[in-house]
Every structure is written in structure tokens, then in C-alpha cells.
Amino acid sequence: MTQSPAVRTSGQPGPVRIGERAARALVSELARRNDPKSALLVGATPESAVLAAAVDALLPGDTLTVVPAEAATSAALRDHVTAQGRWVADRVRVVDSLAEADAAEVVIAAEPFAGTAEETRAAVDGLAKYLTDGAVLSVAGPLYRTAGASAELDRHGVLYGFRTDLVLRNTPPVRVHHLRFTPASAALAGRLAPAYRPSSVPLTRGMHIDSNGVAAAGITLGLAALARISRPKSKLWLLPALAAAPVAAFFRDPERDVPEDASAVVASADGQVLSVQRLRDERFGEGEWLRIAVFLSVLDVHVNRSPVAGKVVDYFVADGGFVNAMKPDAEHNVAAYTVLDTEHGTVVVAQRTGLIARRIVQRAPIGSLLARGERFGLIRFGSRTDVYLPADAAEPLVGPGDKVVGGSTVIARWS
């Protein structure tokens, strides 16, 4: 059997392989959807970690179509699927070529792209033909831009990407790009679980460190090593060495139990409620807004989560000062606004800087879908988050002084 040139995911056989962690990142858009769906996996072998991850992600109402890689045969894949048992065999169909497959809601390239830019562009275009409206294409490529595939996938990521996962624990490291060529509806966000993000480093089952923390701790340890080499008789190196642990701890990213109640609005961050008030803000539309402001101390978790399920339709940064986030004037600090379209109307999350916080990270580009409680950014070193809800559609459940936990505490409920 000869594959169509449109689905060649690597021009020359290369050293890039997809391990278990990268495989989970590739199938994450399949795994996070809780509704019955169709998926298409292209370039699989019986030993593929991506095939195993895709099978593990299947729910009772799902279907998965598998196209073999050039190095595999459809007969070997069918035997492998049959050996998994009746439950898997009833949901997985192996075809001889991509031409026999139907369009799907999630399309996954099981092999990393490692060819030239032209080959990569042709492969992506060939797979895009099998996407339904609002569907997702997940592909992997080399981390470094030494190959044409990496640069071409980065270009597609800028034009069509809504999330790129950096997988360092792979041989070699890879980038996983999730592309959407046609818009998805905001209603779909309500059927999603929070996305799996391999960029955070797991310490235990329930605790991770955000990638920013890994980088910051690495810098402090590098400074310690430099100081030790340059001044071997001095104890100065102990200062950055001892600072590495608290710096990493600031970027801790614990797992959270997100309420399943569709009417719940959860806290966007850990901290203390500063105010709950009704106000008007014409930047977000007419009518009154219910704003719930939460202050984050330097001891709180600073990873921000989406309070509701919705689609990112706008994002902008407003200039301002750097007043203490607990003071009323902090309302005029520098802030990043993420605007969500939801089934209940527009919802806005403001990430505000503070006296110490000067850096806002927002990882949800316009067009991406966020599940309730899903991580979408962070603020460094103490700050404030404000959640704006349509005042006539939501009832607050917290008051000033209450402590809240991001992604878990229900701060309001849709009425």
C-alpha cells in the first residue's frame, strides 16, 4: 500500500519520535471533549504511543478512524485493534488509505513533521480537507527551527493556532500545535474539560510547577553556579542557590477539582475577595456588570483560571500605573482583559498588575475555547483579578473578605 503524498508527515525518516507525554499532548483535544465525537488518526503503527493515547481517550459514543503509516499495514493495525477487545474494536475503524476516511471533529497526525517547508505545507493542507466545521488538527514538529517543518508549523500556528504545547520530556523535544481553520461555537466550550498542558512540570500527582517557574529557578541556579566558579572561596553563591526553591514555589500550579454544575461561576484566582459591586463599563457593552475583585498576595497561587466555559473573542491591555492592588486606585493599574463569549452573555476577566507585579502572562489567543476552571495565564508576584459578569444574569455567592480558591470556589451562579 502506498500513502497519498498529501499525508506524508516526514520527508525523510528522522530521529524525532513521539513518546508518551507528547502523545498525550497530541490527543488532548480528543480527550477533553465530553460529547460523542469522531476522530481521525493518520500515520499510526501498532506500537504508536499516539494510537494508545487516542484509544485511552475514547468515550462510549466516540468513533476513531485510523490510517496506517508508511511503515505499517492496515492488516497489522486491524489485528492490533481486535486484540484490544470488543469495546475498542467496535469504536475503531482501520482504513487502507486516507481517501477512505470521512471528515472528523478531531484530526491527529501520529508522526512528527520533519520534512521541508513545502512538504509540511502540503501535508497540513491535505489533512485540513478532513476537518469538519470548527474541528481541530493536532500536529507535532521539531522544537528547533533548523528544519523547514518547524518554521512552517510555527507559521500555521500564528495564522490558525489556538494553543501550542512545548513538550520537553520527549526525544528530542517537540512542539505540538493545535490548529483550527474554521470558527468553533462558544457552546462547544461547555462540553470541554480543562486542557492537558505538558509545559508544567509535575512534582506530585496533585502539584505542578508552571514553566515560568522552571525557567526562573533555572536562572537562579545558573547564577549560583556562575558565582561559585568565579569566586570559589566566597559564599555568595548560596544566595541565588537558596532562592531557587522559593522562586519555583511561587509558580506552583496545583490540580483543582472544578465543580461540574453548569450554573457555577468559579474563582479566577486564589486570594481574598476585595469587593463585589455592580457597575457600568462601556468597553464591554451596555448594561450593568457584576464585578468580583480578588486580591492575590505573594503567597497565593498565581496561575489564573477561566471562571466560566466560553470562547475568547477579544483580548487587550490597558495602560495604567502600579498602585498597591489592595487600594481602590488599583482599578487604574495596567491590566490585561480577556473577553469571553458564553451561553449566558459576555464575561470578562481582568488580570491587574500591582505594586510588585509587573508581568502578566495570557495564553489564550482569540478564537480559543476555555473550559470552566481551565488555566489561561498567570500574574507574577502579587496582584488582582476581576471577573465581570452580566449583572442581570448572575447572583454573587461571596463577599468582601472571603477567601477563594481558583478553579474550585463558586463565586457566583447563573440565575
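Just so we're clear, the structure is a prediction, and the values are computed from it rather than from any experiment.

Rules used in this analysis
- Residues numbered from 1 in each chain as written.
- Predicted model: local features only at pLDDT ≥ 70, side-chain atom pairs only at ≥ 80, totals over all residues.
- Heavy atoms only, no water.
- Pairing = 2+ DSSP bridges.
- Helix = DSSP H or I, 4+ residues; strand = E, 2+ residues; numbered from the N terminus.
- pLDDT = per-residue confidence, 0-100.
- Contact = heavy atoms within 4.5 Å.
- Phe/Tyr/Trp six-rings, centres within 6.5 Å; stacked < 30°, edge-to-face > 60°.
- Buried < 20%, exposed > 50% of the residue type's maximum accessible area, 1.4 Å probe, protein only.
- Lys NZ or Arg CZ within 6 Å of the ring centre and 35° of its normal.

(A) Seen up close, the sheet that holds strand S8 (residues 201-202). Reading across the sheet, the three strands line up as S8-S9-S10 and stay open at both edges, with antiparallel pairing between neighbours. Two strands close off the open sheet at either side, each with one partner strand: S8 and strand S10 (252-254). Where strand S9 (residues 207-209) lies against S10, three bridges are found, and the strand directions are antiparallel. Paired with Ile209 across the bridge in S10 is Arg252.

(B) Quick peek at the confidence of the model for the protein chain. Confidence in the prediction for the protein chain averages 90 pLDDT; 95% of positions are at 70 or higher. Low pLDDT (under 50) marks residues 1-14, which in the prediction has 29 contacts with non-local residues, meaning those over four places away or in another chain.

(C) Geometry of the sheet that holds strand S19 (residues 369-370). Within the open sheet, the eight strands sit side by side as S19-S15-S16-S17-S21-S13-S12-S23. Their pairing is antiparallel. Each of the sheet's edge strands pairs with one partner strand only, and the pair in question is S19 and strand S23 (403-404). The pairing of strand S17 (residues 345-352) with strand S21 (residues 383-390) spans five bridges and is antiparallel. Within S21, the residue paired with Arg352 across the bridge is Arg384.

(D) Geometry of the packing of aromatic side chains. Under the defined criterion, the tally for this structure stands at seven aromatic pairs. With a centroid separation of 4.6 Å and an interplanar angle of 40°, the aromatic rings of Tyr160 and Phe181 are classed as tilted. Of the two residues, Tyr160 is situated in helix H7 (residues 148-160) and Phe181 in the loop between strand S7 (174-179) and S8; the sequence distance between them amounts to 21 residues. Using a relative accessible area of 33% as the deciding quantity, one classes Tyr160 as partly exposed. Consider the rings of Phe284 and Tyr388, whose centres lie 5.1 Å apart with planes at 65°: the pair is edge-to-face. Of the two residues, Phe284 sits in the loop between strand S12 (271-280) and strand S13 (288-296) while Tyr388 sits in strand S21, which places them 104 residues apart along the sequence. Like Tyr388, Phe284 is buried. Among the aromatic residues, ring-to-ring pairing joins Phe284, Trp289, Phe316, Tyr337 and Tyr388 into one connected group. The positively charged end of Arg91 is found above the aromatic ring belonging to Trp87, 4.0 Å away from the centroid. The lysine or arginine in question, Arg283, covers the ring of Tyr337, its NZ or CZ lying 4.5 Å from the ring centre.

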